[in-house]
Amino acid sequence: MGETNARTQRTSMKGKFLTFEGGTGTGKSTQIKKLAERLHVAKLRTIVTREPGGSPGAEIMRYLVLSGMGKLLGPDAETLLFAAARDDHVRTVIEPALTQGIWVLCDRFFDSTRAYQGSLGQVAPGVLNAMQRVTIGDLKPDLTIILDVPVEIGLQRAAARRGSGAPDRFEAEDIKFHQDLRDAYRQIAAEDPQRCVLIDANAGADAVAAQVWSALRDHLFAIPNAASSA
Ligand code: TYD
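Residues numbered from 1 in each chain as written. Predicted model: local features only at pLDDT ≥ 70, side-chain atom pairs only at ≥ 80, totals over all residues. Heavy atoms only, no water.

Topic: the overall build of the chain
Helix and strand counts for the chain come out as 11 helices and five strands. What you see for the chain is a C-alpha radius of gyration of 17 Å, in line with the 17 Å of a compact globule of 230 residues. Taken along its principal axes, the extent of the C-alpha atoms in the chain is 45 × 45 × 30 Å. Out of the 230 residues belonging to the chain, those deemed buried represent 47%. Sequence-distant contacts, at least 24 apart, represent 78% of the contacts inside the chain between residues at least 6 apart. Of the roughly 11,300 Å² that the chain leaves accessible, carbon and sulfur atoms contribute 55%. Taken as two groups, the 28 positive and 27 negative side-chain charges of the chain have centres that lie 5 Å from each other. (Helix = DSSP H or I, 4+ residues; strand = E, 2+ residues; numbered from the N terminus. Rg over C-alpha atoms; globule rule 2.2 N^0.38 Å. Buried < 20%, exposed > 50% of the residue type's maximum accessible area, 1.4 Å probe, protein only. Contact = heavy atoms within 4.5 Å. Areas by Shrake-Rupley, 256 points an atom, 1.4 Å probe, with all protein chains shown as cover. Lys, Arg positive; Asp, Glu negative; His and termini not counted. Charge placed at Lys NZ, Arg CZ, Asp CG, Glu CD.)

What about the pairing of strand 4 (residues 143-148)?
In regular strands, side chains alternate between the two faces of the sheet. Most of strand 4 is tucked away: six of the six residues are buried. Burial of the side chains of strand 4 extends over both faces: Leu143, Ile145 and Leu147 are buried on one face and Thr144, Ile146 and Asp148 on the other. Across five bridges, strand 4 lies against strand 5 (residues 196-200) in parallel orientation. Residue pairing for strand 5: Ile146 is matched across the bridge by Leu198. (Pairing = 2+ DSSP bridges.)

Quick look at the nonpolar core
Ranked by size, the top nonpolar core spans 23 residues in total, and within it Leu18, Leu35, Leu39, Ile145, Ile199, Val212 and Leu216 carry the most contacts. Counting residues per element, this core draws most heavily on helix 10 (residues 205-219), which supplies five residues. Non-local contacts of Leu18, meaning those with residues more than four positions away in its chain, are made with Leu35, Trp103, Val104, Leu105, Cys106, Leu143, Leu216 and Leu220. With 18 residues, the next largest nonpolar core counts Ala58, Phe82, Ile146 and Ile188 among its residues. (Core = buried A, V, L, I, M, F, W, Y, C linked by side-chain atoms within 4.5 Å.)

A word on the site of the ligand
Looking at the ligand, there are 16 residues lining it, with Lys28, Arg86, Arg108, Thr113 and Gln117 nearest. Contact distances for the ligand include 2.8 Å between a nitrogen atom and a side-chain N or O atom of Gln117. Protein burial of the ligand: of its 540 Å² of free accessible surface, 92% is covered by the chains. Where the shell around the ligand is concerned, the elements lending two or more residues are helix 3 (56-66), helix 5 (75-99) and helix 6 (110-120). When residues of the shell around the ligand are assigned to their parent elements, the largest contribution, four residues, is made by helix 6. Split into classes, the residues belonging to the shell around the ligand amount to five nonpolar, four polar and seven charged. (Near = heavy atom within 4 Å. Polar contact = N/O pair within 3.5 Å; in protein donor to acceptor, adjacent residues only side chain to side chain. Nonpolar A, V, L, I, M, F, W, Y, C, P; charged D, E, K, R; others polar.)

Nothing here speaks to function; it is all geometry.
Laid out in structure tokens, this is it:
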């Protein structure tokens, strides 16, 4: 796609792009579901998607990375798998939806790569920047909600959700990994306060949903009156 075309297309996008981030067991999927219901009531066309995955091609990459196969290739190559998944997801799902005025709620996006592969996987910032340029160009979330809970609580929630199933490639990392991950997300939130809102998610789902909603009201101006009274 030519640079001018890309710019023209993006400036004409009308949907809002919201991403949800956080470590294991922070409650992202519960909050995304609640927000999608609320936006639906407000008559805003909305889709829910996730990374890695969200498109048929990217779901194949999801299987590879979460099985741990990507880890065998080393940090840079594993990061490339996430990038390949994102490239397909952005091109085939996210950008077409935004262009049609649809709101996109995405469970994880490039901040996950920055936190997991960048801060923890020791992939160099230059490598991450290059991948970001190729996969998402200048597409940036309008708002990123970062859910924050103490690591022990997040891991307990994840274990309860999983039951007798095995932890995935990242859940299986040690407690220090999860503590560092929490710190990495807090740092991302601090560095980009225009885009990111850090929310204390160590509360009931409805209380957290209320905080998510006020973050939307504070950061996104285009919510119709009907939405604020929903
Ligand atoms: P998922 O089951 O969706 O985890 P969660 O419920 O914690 O969101 O698994 C996605 C895993 O992939 C998660 O552990 C984070 C990791 N991940 C990365 O390491 N880099 C990325 O760029 C993305 C999108 C996810």
